[in-house]
Amino acid sequence: MKESVRLLLIWLGVTGALAFILFGWDKLLAKRHRRRVPEAALLGCALMGGSAGAALGMALFHHKTRKPPFPWFVPLCLLAHAALLGWAAVSPMN
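Note that the structure is a prediction, hence the values are computed from the model and not measured.

1. Re the pattern of salt bridges
Counted by the stated rule, this structure contains four salt bridges. Taking the shortest distance from any N to any O, the salt bridge between Glu3 and Arg6 comes out at 2.9 Å. Remark: Arg6 and Glu3 occur in helix α1 (residues 3-31); sequence separation between them is three residues, near one turn of the helix. Given the relative accessible area of 31%, Glu3 is considered partly exposed. Take Arg6: its relative accessible area is 36%, and that puts it in the partly exposed class. Connected via shared salt-bridge partners are Glu39, Lys64 and Lys67.

2. Observations regarding a nonpolar patch on the surface
Taken together, the side chains of Leu7, Ile10 and Val14 present a nonpolar region at the surface, about 270 Å² in accessible area. Relative to the elements of secondary structure, Ile10 occurs in helix α1. Judged by its relative accessible area of 44%, Ile10 falls in the partly exposed class.

3. Re the packing of helix α2 (residues 39-61) against helix α3 (residues 70-90)
The contact between α2 and α3 brings their axes to 8 Å, and the two run at 75 degrees. Here α3 runs roughly perpendicular to α2, going by the angle between their axes. Looking at side-chain class alone, the contact of α2 with α3 contains 15 nonpolar, four polar and one charged residues.

4. Some thoughts on α3
Between its terminal C-alpha atoms α3 stretches 30 Å, which fits the 30 Å expected from 21 residues at 1.5 Å a residue. Where α3 is concerned, the buried positions are Phe70, Phe73, Val74, Cys77, His81 and Ala88. Buried residues of α3, seen end-on, are gathered within an arc of 90 degrees and therefore sit on one face of the element. Among the exposed residues of α3, those oriented more than 90 degrees off its buried face are Trp72, Leu79 and Val90. Buried residues in α3 make contact with α1 and α2.

Here is what the cut-offs are and how they apply
Residues numbered from 1 in each chain as written. Predicted model: local features only at pLDDT ≥ 70, side-chain atom pairs only at ≥ 80, totals over all residues. Heavy atoms only, no water. Salt bridge = Lys/Arg side-chain N within 4 Å of Asp/Glu carboxyl O. Helix = DSSP H or I, 4+ residues; strand = E, 2+ residues; numbered from the N terminus. Buried < 20%, exposed > 50% of the residue type's maximum accessible area, 1.4 Å probe, protein only. Patch = residues over 30% accessible without salt bridge, like charges linked within 9 Å, V, L, I, M, F, W, Y side chains within 5 Å. Areas by Shrake-Rupley, 256 points an atom, 1.4 Å probe, with all protein chains shown as cover. Axes fitted to C-alpha atoms, helices over the stretch in contact; angles between N-to-C directions. Parallel < 35°, antiparallel > 145°, perpendicular 65-115°, else oblique. Nonpolar A, V, L, I, M, F, W, Y, C, P; charged D, E, K, R; others polar. Expected span 1.5 Å × (residues − 1). Arc of directions from axis to C-beta. Contact = heavy atoms within 4.5 Å.

Spelled out as structure tokens, the structure:
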């Protein structure tokens with residue numbers, strides 16, 4: 001496996017896990033009527049590579065599935081991250 005693909009997979013995995021945890025934590029806080037995780041943090045984590053975890057968290061926890069911009073922003077980020085991974089796989093660089 002190319003080094004760039006390996007590093008990108010690690011990055012996407014770590015940020016995806018973080019996004020998943022954040023979505024679950026925010027849902028738990030919402031149920032308990034406590035102070036919530038800021039939406040900017042959830043969206044930022046999805047943008048920075050955690051879109052797979054964010055999408056999984058949205059589906060599993062039924063959280064932020066209808067609140068704009070989550071229903072279109074997270075899938076768009078997921079598509080961009082998949083394209084980036086595909087580009088890294090076929091790129092002639094390392």
